[in-house]
Amino acid sequence: MEVAGGTAAALVLAGGSGTRVGAARNKVFLPVAGRSVIAWSLDTLAGAPGIGPVVLVVRPEDRDLARTVIDRETAAGDVEIVDGGATRQDSELAGLRALADRIACGRVDVVLVHDGARPLVTRALVAEVLSVAREVGGAVPGMWRDDLAEVSDTGGLRVPARLVAVQTPQGFRAAPLLAAYERAAAEGFVGTDTASCVARYAPGTPVLRIAGEPRNVKITYAHDVQVTAGGLIRRGIA
């Protein structure tokens, strides 16, 4: 969908593995509530107002499986599949480079980066991230946490005033995002997430925290697949 000032792109990362889940394959292709984990977020993002191109970044060995899942389990349409790299940041850069020409000419003005292991993202959250990123420069959803403490080198504990558990999608204006990732690659910097790379290499880009969603869980361990995500879907919460 074209919108004033350009179109947003969704970059979905699916280059992980099933190690912590205890699976022999990439966790985003595990079934949850009758569909692959990745199918849920692809449909949400592809059908969200204001989202144009959807780029799925996968391991090269998962490319055929990804296409099969898209064709059989989603209504996402023409999802672009790109081979990822050795790290999350390498994969993000590969996806951004697939959009580079469209970013350069202004056809894509905002990019939302989403972790494919978060199947329960809602279109309401996508819309909020997109709106804030386009207006301000960057938007990161997060949930306030009061059950975390900072540990010093000597083992002491300090409870910070406020901490946020960061979620995805994280949205940023496209041109500074791509430039930041190219600079990071040139200098060998690897950040913890998209926002950390922007903070280092595009410090002039304001990034606001917006409210995350409790159900926007990430599939990390085995119980997350059926107990957490599957349970929410079956109860009609997601």
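Predicted model only: the values in this text are computed from it and were never measured.

Peer 1: Summarise the pairing of strand E4 (residues 51-58); cite the residues concerned and give the values.
Peer 2: Along E4, 7 of the 8 residues are buried, which leaves the element largely enclosed by surrounding structure. Sheet topology note: the strand E1 (residues 7-14)/E4 ladder contains 6 bridges and is parallel. Bridge pairing in E4 links Val-12 to Leu-56.

Peer 1: Provide a residue-level description of the pattern of salt bridges, including the pertinent values.
Peer 2: When the charged atoms of two side chains with opposite charge come close together, those side chains can pair. Applying the stated criterion to the full structure yields 12 salt bridges. Of the charged contacts, one joins Asp-83 and Arg-63 as a salt bridge, the two residues approaching to 3.2 Å between their closest N and O atoms. Of the two residues, Asp-83 sits in strand E5 (residues 80-83) while Arg-63 sits in helix H2 (residues 63-73), which places them 20 residues apart along the sequence. Residue class for Asp-83 comes out partly exposed when judged on its relative accessible area of 33%. Salt-bridge contacts for Arg-88 lead to Asp-115; the nearest nitrogen and oxygen are separated by 3.7 Å. Taken together, the residues span a long stretch of sequence, with Arg-88 in helix H3 (residues 88-98) and Asp-115 in strand E6 (residues 108-115) at a distance of 27 residues. One salt-bridge network, held together by shared partners, links Arg-88, Glu-92, Asp-115 and Lys-218.

Peer 1: Can you break down the side chain of Ser-41 residue by residue, with the values?
Peer 2: Here Ser-41 is to be found in helix H1 (residues 37-46). Looking at Ser-41, the relative accessible area reads 0%, which means it is buried. Looking at Ser-41, its side chain comes within polar contact range of the main-chain oxygen of Ile-38, at 3.4 Å. The contact partners of Ser-41, leaving out residues within four places of it in the chain, are His-114, Gly-116, Arg-118, Pro-119 and Val-121.

Peer 1: So what about the confidence of the model for the protein? Which residues, and what values?
Peer 2: Overall, the prediction assigns the protein a mean pLDDT of 87, with 85% of residues at 70 or greater. Predicted confidence for residues 18-22 stays below pLDDT 50, and this span has 14 contacts to residues more than four positions away or in other chains.

What counts as what
Residues numbered from 1 in each chain as written. Predicted model: local features only at pLDDT ≥ 70, side-chain atom pairs only at ≥ 80, totals over all residues. Heavy atoms only, no water. Buried < 20%, exposed > 50% of the residue type's maximum accessible area, 1.4 Å probe, protein only. Helix = DSSP H or I, 4+ residues; strand = E, 2+ residues; numbered from the N terminus. Pairing = 2+ DSSP bridges. Salt bridge = Lys/Arg side-chain N within 4 Å of Asp/Glu carboxyl O. Polar contact = N/O pair within 3.5 Å; in protein donor to acceptor, adjacent residues only side chain to side chain. Contact = heavy atoms within 4.5 Å. pLDDT = per-residue confidence, 0-100.

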